[in-house]
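Next come the chains, spelled out residue by residue.
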Amino acid sequence: MEEIIKQFPNLTDNQLVQFQKLEALYHDWNAKINVISRKDIDELYTKHVLHSLAIAKVQPFEPGTYILDVGTGGGFPGIPLAILFPETRFYLIDVIAKKIKVVQAVADGLGLKNVKAEQMRAENAKGDYDFIVSRAVTNMPDFYGWIKDKIKKQNKHTLHNGILYLKGGDLTEELKDFPKATEYSIADFFSDPFFETKKVVHLPLQFKP
């Protein structure tokens, strides 16, 4: 929590309470339905919450933005971003029903009105979005194939509408067919050694009618 407060000093009292509640909610649900590895649950704020919020360092979301979180798992990066951007709409999807159950319960427990969670394959998701976010759910070529036709035409952010992807390691091979992709090193924002090889990848996508 200390690092979140340091990195995002303008949080409201309500947002602080919501971030603080995450630990108890995830510990409780993880004991029933294992959505976070046992070794990671004790480092929830670094390995899951702060990691998710790295996207906000690359591109803060404007009010009225629509975000699709594909393969959200236990709700990352969608839930932390939904706390940070209460006027942005988040649609969190995953193919595994028990994970979506946890996501919805956490969103309800936090009183998040800007989150919708649903069991669904990415290819079947309806609607157009400003950005599509995800955390290492698959390789970029496959991911691109799932969501390439789901991008809004009108752009209102510094970065062009498209994918914001959390991924680690050397991505040279994976991104070789995407010359417009930009890698942002999370270590430039957060000092914890966990982030040394972690990146946010932005891939702008053209609207396809």
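This structure is a prediction, so every number in the text was calculated from the model and none was measured.

(A) View of the overall build of the protein. Per the secondary structure count, the protein includes 7 helices and 7 strands. Helices (α) and strands (β) of the protein occur, in sequence order from the N terminus, as α-α-α-α-β-α-β-α-β-β-α-β-β-β. Its C-alpha atoms give the protein a radius of gyration of 16 Å, within 12% of the compact-globule value 17 Å for 209 residues. Split into buried and exposed, the 209 residues of the protein put 52% on the buried side.

(B) Geometry of the packing of helix α2 (residues 13-32) against helix α4 (residues 44-58). Interaxial distance between α2 and α4 falls to 11 Å at its minimum, and their mutual angle equals 130 degrees. By the angle between their axes, α2 is oblique relative to α4. Judged by the twist between their axes, the crossing of α2 over α4 is right-handed. Two secondary-structure elements touch here, α2 through Phe19, Gln20, Leu22, Glu23 and Tyr26 and α4 through Leu44, Tyr45, Val49 and Leu53. Classifying every residue of the contact of α2 with α4 by side-chain character gives 7 nonpolar, 1 polar and 1 charged.

(C) Representation of the sheet that holds strand β4 (residues 131-135) within the structure. Taking strand neighbours across the sheet as the criterion, the 7 strands line up as β3-β2-β1-β4-β5-β7-β6 in an open arrangement whose pairing is mixed. Of all the strands in the sheet, the pair left with one neighbour each is β3 (115-119) and β6 (182-185). Shown here is a sheet whose adjacent strand axes are inclined to one another by a mean of 20 degrees, direction ignored. Here strand β5 (residues 162-168) pairs with strand β7 (residues 198-204) via 7 bridges, running antiparallel. Bridging across to β7, Lys167 finds its partner in Lys199. The sheet contacts of α4 involve β4, β5, β6 and β7, and relative to β5 the element is tilted by about 140 degrees. Sheet strands touched by helix α7 (residues 140-147): β1 (66-70), β4, β5 and β7. Its angle to β5, the strand with the most contacts, is close to 155 degrees.

Rules and cut-offs
- Residues numbered from 1 in each chain as written.
- Predicted model: local features only at pLDDT ≥ 70, side-chain atom pairs only at ≥ 80, totals over all residues.
- Heavy atoms only, no water.
- Helix = DSSP H or I, 4+ residues; strand = E, 2+ residues; numbered from the N terminus.
- Rg over C-alpha atoms; globule rule 2.2 N^0.38 Å.
- Buried < 20%, exposed > 50% of the residue type's maximum accessible area, 1.4 Å probe, protein only.
- Axes fitted to C-alpha atoms, helices over the stretch in contact; angles between N-to-C directions.
- Parallel < 35°, antiparallel > 145°, perpendicular 65-115°, else oblique.
- Left-handed = near helix turned anticlockwise from the far one by under 90°.
- Contact = heavy atoms within 4.5 Å.
- Nonpolar A, V, L, I, M, F, W, Y, C, P; charged D, E, K, R; others polar.
- Pairing = 2+ DSSP bridges.

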